[in-house]
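Examination of the molecular architecture
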Amino acid sequence: MTASPLLIAGSIVALTVIASLWYAARHRSAAGLNLDEWAVGGRRFGNWIFWFVNAGEIYTTFALLGITGYAWAFGAPAYIAFTSVSLACTLGYWLMPRIWHAGRSGGLLTQADYFVQRYQARWLGAVVGIAGIIALIMYVQIQLTALSLVFRLALGSALPAAWASSLAALLMLLFVYLAGLRSAAFAAGIKDVLMLVLVVILGGTVAAKVGADSMLDVFQRVQQLHPNIGHFPGLDAAAGLDTTWFVTAALNVALGTWIFPHMFQLCFAARDADTIRRNAIWQPLYSLSYFFIILLGFAALLAGTQPEGGNLNAVLLQFVADRYSPWLVGLLAGTVCLLALVPGSLLLLTAGSIFTRNVVAPLREVGERQAVWIARTAMIVFAACAVLLTLTSNESLVAVGLAAYGAIGMLAPGVFFGFLWPRTRAVAIATGMAAGYTALWWAPARQLLSTALPGWDSGLAAMLVNALVVAVITLAAPRRPAS
Amino acid sequence: MSETSQDTRTLRAHHALMLLPFIWHLALAPMINDVRWQPWGLPFAMVWQMAGILVTSLIIGTVYRLDREPRPDRQPPNDAQP
């Protein structure tokens, strides 16, 4: 990349950061910045701002780089993008107002707070907090991978991967320290507009770039070239991405979306339950834009794009760098940076506040100043963990994303039973989690499960184990525990 | 503000509509996968999933409207509080 795209990308990021900090400063309450304002936006988010934070946390680099790469490498399995938002919103219409209500009436700030309150057990809050942090780190890994890809595109692949992702983590931490939820919401708005503009420009011009007559012609040509691309299991039958995979993985994503601590916490930020419900009506429509994203993946395939090292996460960047003018490369690089920075910083912010509030605070007295210090130090450690994960893994962003959903899904029974089944107790939830994680991460158990439920997404299978254990223990336990 | 959050605890008959997006996107997906028709040259499985998004928005919107209608079995809706 020459100087001009680098300049464009840099100015996009810098201007957005400055504008969002200015916006947050203007809205700061007279009482100064308190934890309520920093973490849940003072619980005053109305329709627009709620829409943008929500969209901001759903449409990350997972969407743009991950799904184009998936479409390029596998074809039909990328359709999972179309289901994720609409099913999550259907479930969310029912679930989110309940979370909001619990947060409002209990003065809750984090997801672990909910577990503490519902199950009357601080230890469960700590366990859930740590589990949530692990899943958040996996999600940060996605954003760091994307950011370091942009850096390596911009500064040349001579830049070692370790340096690129450390630089990315540093940038993310800087943004977290400066921003709270409100400035992140503003930056999310800008990045959403940029992403839509970018996707429409790229999608609108892509046909000419690959010698097709129209957008639809791109689909026709790619299907002539690869007759299996449009339906499951797609281009690579050996990858196991058939309809069973699709149904179970999509269901797991839908069930897990609001269980992610940052999404759970986002519900608390809404002004009222109606804001949440209205958002659920309109939010799915936004995901129609995945049409353009899949189109770009298919176009890259037609164009014969070969990313360095066959890295499917880099397909879109490589394709645009090969075929488009420098200013568009700059726009893409800047947008990807924001797509990674904004959600990534929110993830770190959430992880830091959970650690302070639900893991450390129950163990020892924490003063207000100390709390900030602990949260910031913890965020550095979490970012470092994410960097390490980035370096050791070479997987597709979608695969990493699904693994993160698998991990967070272990908290889902605790949330759903929490609202639906008053009899469930902390011990049952914790035992279920232990069983679920064993099924998910202990290789022999995982293998056994995949023979019992062939082709299933491992996250959903483990969630089923988890929920069954909770149900059995709850039914076996005496109705009224002796107090 | 019209804060109709009182109903968070009760499920009503029309909430069954919310199963439809799951049926459309997931339960029917294996069947749809075998259809080789290509409307506008697009893979049918993809068109189906995109249509599912429109259907979902429509259904959530419908449920939202039905939720706002006063319940016949309860007299004045209790959102008269300040």
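Residues numbered from 1 in each chain as written. Chains lettered and ligands numbered in written order. Predicted model: local features only at pLDDT ≥ 70, side-chain atom pairs only at ≥ 80, totals over all residues. Heavy atoms only, no water.

Let us look at the packing of helix α6 (residues 111-119) of chain A against helix α7 (residues 122-155) of chain A. All names here are of chain A. Running from amino to carboxyl end, α6 crosses α7 at an angle of 155°, the nearest separation of the two axes being 8 Å. As the angle between them shows, α6 and α7 are arranged roughly antiparallel. As α6 packs across α7, the resulting crossing turns out to be right-handed. Contacts between α6 and α7 pair A112, F115, V116 and Y119 from the former with R122, L124, G125, V128 and G129 from the latter. (Axes fitted to C-alpha atoms, helices over the stretch in contact; angles between N-to-C directions. Helix = DSSP H or I, 4+ residues; strand = E, 2+ residues; numbered from the N terminus. Parallel < 35°, antiparallel > 145°, perpendicular 65-115°, else oblique. Left-handed = near helix turned anticlockwise from the far one by under 90°. Contact = heavy atoms within 4.5 Å.)

A separate point is unusual backbone geometry. Backbone phi values are negative for most residues with the exception of glycine, while trans is the configuration of most peptide bonds. Cis peptide bonds are those with omega within 30 degrees of zero, and the linkage from F232 of chain A to P233 of chain A qualifies with 0°. With respect to the helices and strands, the residue P233 of chain A is situated in the loop between α10 (215-225) and α11 (243-257). Despite not being glycine, Q120 of chain A has its phi angle at roughly 50°, a positive value. Checked against the element boundaries, Q120 of chain A lands in the loop between α6 and α7. Positive phi is not limited to glycine here, since W40 of chain B has a value of about 50°. Mapped onto the secondary structure, W40 of chain B falls in the loop between α2 (29-32) and α3 (44-68).

Here we come to the pattern of salt bridges. Within this structure, the stated rule accounts for seven salt bridges over all chains. Of the charged contacts, one joins D274 of chain A and R277 of chain A as a salt bridge, the two residues approaching to 3.7 Å between their closest N and O atoms. Here D274 of chain A and its partner R277 of chain A are both found in helix α13 (residues 273-286), three residues apart, which amounts to about one turn of the helix. In this structure, a network of salt bridges that share partners links the residues D274, R277 and R278 of chain A together with R68 of chain B. (Salt bridge = Lys/Arg side-chain N within 4 Å of Asp/Glu carboxyl O.)

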